[in-house]
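# Structural overview for review
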Amino acid sequence: MKHLVYGRRLVVTGLSLASGLAMATGGSICNDVYASLAGAVGPSYLSTFQMQQQYAPQCLGTSSVAAPTQEIIATSFTQLSAISQGLGSRLLGGGGATKTASLGNGTGLAAGSSAGAWNAWASYSGDTAGYKVGRVVVSGVVGTPGGAAGSPFNIDNINNTSNFIVGGDYRLAPSMVLGISAASDTGTGYVNPDASAAANRTNTSSRGQALAAYVGWQVDKNWAIDASVGGGIGVSNPAPLTTADSTRRFAGVNISYANWIGNWQLNGKAGYQIGSEQFENARRGVTLPFTSYTAHLGQAKVGGEVGYWMADGVMPYVGVTYINDVSRNRVRVTQLWDDDGVVLSAGINFFSVKNNLSGGIVYTDETSRNFVRHSNWMANINYRF
């Protein structure tokens, strides 16, 4: 999404020019906009940039909220989620039915498990995010839905991000865990200022790394609290031959609940997470002024899951979570964004007690946002020693 952020930003600078260039060169609009910016100097650069901000928000982060917020979700928030899920499961693993006291997925703290104090884990996820707004005409004026002033183009942005995370933690006390995790992500996607014209599409890519420290505290057999804080760096390519660097910061806190009723496990979680992505000016042979940008997103979440314990250490589950974007960037042109959404999830966990191993896979899908499409699948494995 970093690449999308810069893409939008730069496209803003010279859309009219870019349209002409696209027809002349056969290249994508976003790529031509970056090229036109790199060749502009003095007052002509600023005027071109301002023109693009008005008419091509798809390629410039300063004018569209979609790219930067989706980047934060796919990278920083995915790492926070992987940490919290693992901590909640391990801290509360021994709190219910007798059989759960020795689950490979947990420390079994409430049950007095004798498992080792060290724990290692890894997670891999695939995240797909998109933002799409159709062009409409209101009272004879081309604009975005609802008549808001905006781009005369259809906005169609897609980004696919893979995120590999490893972590390790140590049980400081019977109810306290302290750990650290490292993540590496890569992304590919495209920015398309006009969904009906494939020739205008600009392919994008990105990569990044992050570190996060975390702590977990088991309040009692049913309740646990976790908190994480971290940061990282990223590099994006919003168009061919164009590069932009970024710095990430993020943090989150959650409270988890777990209870067993026979073979049924009931889980609940509420939390808040916040992240920022600070982009430097993009470069295309030369530095492109006015393209730096800082995006931020704060989200509150509350949800629950229901799982059923089956034979051989297998537990399928389903869940639902409500998400509210409490704070985010309010951009100049394209204001269309869904402030809340509902996420449906389905997964399966497995436990191998004799090998101190556990793992699982889960798929989540946001179903209720009008302009945003977002889905994620995540697989994890956990080893205690």
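Residues numbered from 1 in each chain as written. Predicted model: local features only at pLDDT ≥ 70, side-chain atom pairs only at ≥ 80, totals over all residues. Heavy atoms only, no water.

## Notes on the pairing of strand 5 (residues 176-192)
Across 17 bridges, the pairing between strand 4 (residues 155-173) and strand 5 is antiparallel. By the bridge assignment for strand 5, Arg 171 is matched with Val 177. Turn length for the strand 4-strand 5 hairpin, with the two strands adjacent in sequence and antiparallel, is two residues. With 16 bridges connecting them, strand 5 and strand 6 (residues 202-218) associate as antiparallel partners. Across the sheet, Val 191 pairs through a bridge with Thr 202, a residue of strand 6. (Pairing = 2+ DSSP bridges. Helix = DSSP H or I, 4+ residues; strand = E, 2+ residues; numbered from the N terminus.)

## Some words on the pattern of salt bridges
For the structure on display, the rule yields eight salt bridges. The shortest N-O distance in the salt bridge between Arg 283 and Asp 245 comes to 3.1 Å. Here Arg 283, found in strand 10 (residues 283-284), pairs with Asp 245, found in strand 8 (residues 242-261); they are 38 residues apart in sequence, far enough to count as distant. The network of salt bridges with shared partners includes Glu 71, Asp 185, Arg 248 and Glu 277. (Salt bridge = Lys/Arg side-chain N within 4 Å of Asp/Glu carboxyl O.)

## A word on the nonpolar core
Note that soluble globular proteins tend to have their nonpolar side chains buried in a common cluster. Ranked by size, the top nonpolar core spans 26 residues in total, and within it Phe 77, Ile 83 and Trp 121 carry the most contacts. Among the elements of the structure, helix 5 (66-91), strand 5, strand 6, strand 8 and strand 12 (293-308) are those that each provide at least two residues to this core. Tallying contributions element by element places helix 5 first for this core, with eight residues. For Ile 83, the contacting residues outside a window of four places in its chain are Trp 121, Ser 181, Ala 212, Tyr 214 and Ser 228. (Core = buried A, V, L, I, M, F, W, Y, C linked by side-chain atoms within 4.5 Å. Buried < 20%, exposed > 50% of the residue type's maximum accessible area, 1.4 Å probe, protein only. Contact = heavy atoms within 4.5 Å.)

## Observations concerning the side chain of Thr 242
Locating Thr 242 in the fold gives a position in strand 8. At 2.9 Å, the side chain of Thr 242 forms a polar contact with the side chain of Arg 284. (Polar contact = N/O pair within 3.5 Å; in protein donor to acceptor, adjacent residues only side chain to side chain.)

## Details of the environment of Ser 358
Here Ser 358 is to be found in strand 15 (residues 357-366). The class for Ser 358 is buried, based on a relative accessible area of 0%. Through-space distance from the C-alpha of Ser 358 to that of Val 314 is 9.9 Å; in sequence the pair is 44 residues apart.

## Quick look at the confidence of the model for the chain
Put simply, the chain has an average pLDDT of 78, and 73% of its residues get 70 or more. Predicted confidence for residues 1-27 stays below pLDDT 50, and this span has 148 contacts to residues more than four positions away or in other chains. Note that residues 94-113 has pLDDT below 50 and, in this model, 55 contacts with residues that lie over four places away or in other chains. (pLDDT = per-residue confidence, 0-100.)

## Comments concerning the pairing of strand 12
As judged from the 16 bridges shared by strand 9 (residues 264-279) and strand 12, these two strands associate in the antiparallel manner. Looking at the pairing, Gln 265 lines up with Gly 307 of strand 12. Note: strand 12 against strand 13 (residues 314-328), 11 bridges, orientation antiparallel. Across the sheet, Lys 301 pairs through a bridge with Ile 323, a residue of strand 13. In this antiparallel pair of consecutive strands, strand 12 and strand 13, the connection spans five residues, and Asp 312 shows a positive phi of 65°.

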